[in-house]
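# Chains, contacts and geometry: an overview
Each chain, letter by letter, is given below.
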2 protein chains.
Amino acid sequence: MKKIASNNCFGGEQLRFRHNSTVLGCEMTFSVYLPHQIGAAAADAIRLPVVYWLSGLTCTDENFVQKAGVQRAASKLGLIIVTPDTSPRGEGVPDDEEGAYDFGLGAGFYLNATQEPWSKHYHMYDYICQELPAVIEEHFPVDSSRQSIFGHSMGGHGALTIALKNPDRFKSVSAFAPIVSPINCPWGVKAFKNYLGEDTTAWEKYDAVALVKNAKTHIPMLIDQGSADQFLEEQLKPSLLMEACRQTGYPLRYNIRDGYDHSFFFIASFIEEHIRFHADALNR
Amino acid sequence: MKKIASNNCFGGEQLRFRHNSTVLGCEMTFSVYLPHQIGAAAADAIRLPVVYWLSGLTCTDENFVQKAGVQRAASKLGLIIVTPDTSPRGEGVPDDEEGAYDFGLGAGFYLNATQEPWSKHYHMYDYICQELPAVIEEHFPVDSSRQSIFGHSMGGHGALTIALKNPDRFKSVSAFAPIVSPINCPWGVKAFKNYLGEDTTAWEKYDAVALVKNAKTHIPMLIDQGSADQFLEEQLKPSLLMEACRQTGYPLRYNIRDGYDHSFFFIASFIEEHIRFHADALNR
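Residues numbered from 1 in each chain as written. Chains lettered and ligands numbered in written order. Predicted model: local features only at pLDDT ≥ 70, side-chain atom pairs only at ≥ 80, totals over all residues. Heavy atoms only, no water.

### Some thoughts on the interface of chain A and chain B
Accessible area lost upon the coming together of the parts serves often as the stated size of an interface. Filter applied, for reference: Pairs of residues are marked as contacts when any of their non-hydrogen atoms sit within 4.5 Å. Values labelled buried area give the accessible surface lost by two parts on being combined, using a 1.4 Å probe and summing over both. The working definition used for a salt bridge is a side-chain nitrogen of Lys or Arg within 4 Å of a carboxyl oxygen of Asp or Glu. Polar contact criterion, stated in full: a pair of N or O atoms within 3.5 Å, where within protein one must be able to donate a hydrogen and the other to accept it, and residues adjacent in sequence count only if both atoms are side-chain atoms. Helix and strand assignments follow DSSP, with helices taken as H or I runs no shorter than four residues and strands as E runs no shorter than two, numbered in order from the N terminus. In this classification, Asp, Glu, Lys and Arg are treated as charged, Ala, Val, Leu, Ile, Met, Phe, Trp, Tyr, Cys and Pro as nonpolar, and every other residue, Gly included, as polar.
Contact with chain A, which involves 22 residues of that partner, is made by 22 residues of chain B. For the pairing of chain A and chain B, the buried interface totals around 1,700 Å² over both sides, and the portion due to carbon and sulfur atoms is 51%. Three residues, A:Asn8, A:Gln66 and A:Phe265, lead the burial of chain A against chain B; their summed loss comes to 36% of the area buried on that side. Between A:Glu272 and B:Arg72 there is a salt bridge, and its shortest N-O distance comes to 4.0 Å. On the surface where chain A and chain B come into contact, there are 14 residue pairs in polar contact (both at pLDDT 80 or more). For the side of chain A that touches chain B, the elements supplying multiple residues, two or more each, are β1 (2-9), α2 (62-67), α3 (70-77) and α10 (264-282) of chain A. Ranked by residue count, the leading element in the side of chain A that touches chain B is α10(A), at five residues. Broken down by class, the residue content of the side of chain A that touches chain B amounts to seven nonpolar, ten polar and five charged.

This is how it looks when you write it as structure tokens:
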């Protein structure tokens, strides 16, 4: 693992690393925010809770790190923030033939692809759930018993599905403008058909609405959605998740934000509320 | 004037416009943050203080708007924030022949060029001091008796020199890692030689250290400087300004920030303190 950037930020350190990913078969970049509590304490005497952030289509690890203002709240509340990339990258990793923004590079959908040519590299589910956390635990003073996850849009889908499939690992999950049911939207159908094949029964393993319906263990869930989001009706469809949560008694806190769109200006406006939500669950 | 973007942000609106600049002889883009106080009040019943932000080398209006997190504090304290571009742009506007990052496009240095071929378009001083404020006052509910200015690096130089030359107009000035004496650093010498010619007496009109020495009217001045800034020794040289302020009794509040560099992570970490500094001066 190689450190490629380091910037002081809100009393802590915003760090960036490259490492060789075995499950993805390529080099990957990720970012870690270490709040000031780390430096202030004896080197290995303190372990802090960690929150994983998953970004949306076209993003790398950098968009959230530069635009969301998360470091301010994370510093105040003493959380480590880990921000991975959104897909495998590099020479040999296949991309959409026409370079579409919503499939291939930058659009890994946080799943394990089963179809050629994607199945060789596109294992973002295993990367986020297993390989990256092992790297984080080896190199940073995280308290593995206190983990949460959140994300935006495609990354909201990733956070919700990964948390729903691993409720014993995460204390809480939240999302900004998530794709709640990829089975039921054009972005998801395109990606799942290519990555997972035509058999739609395989798709339900990566669909938050389907997973909520079968969830045995419930963890606190928070969703913020802008009312002026250009993708609300066609792609995001939060009502599908609200209805599934209502039917099953899943504890969802849902905020509709009047006039907000799909941008980082929306995320920045409410990031502190999400950090406080996770800090509450993690410090309980 | 044409609105080209609008995003809800921290209860207010982050707006972006294009307009034809007469003094620059080209189309220009600028951004305006309107805090929630505007929407909440009757349309023309309220006028808010305004703070101008000047960005550094290579930036447009967007870097600060997307990365500094200024909207949070501006919303809380009820300030309008105006963010112009850093130079004239577009077809016909000359650039450095080799496309250098520190001269020409993106590097207007907030002065009025007197030398060919720059003197036709490069009048950023007049644009920031006269044309843009007139546009802002015409279209937005600003209280013109309450204006302040701040900036970063080359924009810190711009903020300091413009405030020092117009102390009756600005209630306060602040800067992150400013170029305090372009006469005495490679960035400044290169730019001033090209824009202003070989006669260095013309340079002093745009040198904060020279201007402080002759300042009759003092306004509150705040500077934050990272100790790990890669440009500190060769380009920024804050000690020159500190010494000039000490000699003349100019009220400078100077913070050295241990381990911080020249990046937006540094700006974001202390932006709220700068906004509070200006709000104090503007609401007095």
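Following the structure, the description resumes.
### As for helix α6 (residues 186-196) of chain B
Residues and elements named next belong to chain B. The following threshold applies: A 1.4 Å probe rolled over the protein chains alone gives each residue an accessible area, and that area as a share of the maximum for its type sets the label: buried under 20%, exposed over 50%, partly exposed in between. Along the arc lie the directions from the helix axis toward the C-beta atoms.
Taken together, the buried positions of α6 are occupied by Trp187, Gly188, Ala191, Phe192, Tyr195 and Leu196. Buried residues in α6, looked at end-on, bunch into an arc of 105°, giving them a common side. The secondary structure elements touched by the buried residues of α6 are α5 (154-165) and α8 (232-236). Residue Gly197 follows α6 closely and has a positive phi angle near 90°.

### Things to note about helix α10 (residues 264-282) of chain B
Residue and element names in this part refer to chain B. Cut-off, in case you're wondering: Expected helix span is computed as 1.5 Å times (number of residues minus one). Here the bend at a residue means the angle between the axes of two seven-residue stretches, the one that ends at it and the one that starts at it.
The terminal C-alpha atoms of α10 lie 25 Å apart, and with 19 residues this matches the ideal 27 Å at 1.5 Å per residue to within 8%. At Phe270, α10 is bent by approximately 50°, the largest bend along its length. Across the 19 residues of α10, 15 count as buried, placing the element largely inside the fold. Its side-chain oxygen placed 3.2 Å from the backbone nitrogen of Phe265, Ser263 serves as the N-cap of α10.

### Notes on the sheet that holds β1(A)
This is how it is decided: DSSP bridges decide pairing: two strands pair if at least two such bridges lie between them. To define axes, lines are fitted to C-alpha atoms, for helices over the stretch in contact only, and angles between the resulting N-to-C directions are given on a 0 to 180 degree scale.
Taken in spatial order, the nine strands line up as β1-β2-β3-β5-β4-β6-β7-β8-β9 (chain A) in an open sheet, and their pairing is mixed. Single-partner strands in this sheet number two, and they are β1 and β9 (252-257) of chain A. The mean angle between the axes of side-by-side strands here comes to 20°, regardless of whether they run parallel or antiparallel. With six bridges joining them, strand β8 (residues 221-226) of chain A and β9(A) adopt parallel strand pairing. Opposite A:Gln225, over in β9(A), you have A:Ile256 as the bridge partner. Its contacts with the sheet put helix α4 (residues 124-139) of chain A on β2 (12-21), β3 (26-34), β4 (48-54), β5 (80-84) and β6 (142-152) of chain A, and the angle it makes with β3(A) is roughly 55°. Across the sheet, α10(B) is in contact with β1 and β2 of chain A; its angle to β1(A) comes to roughly 30°.

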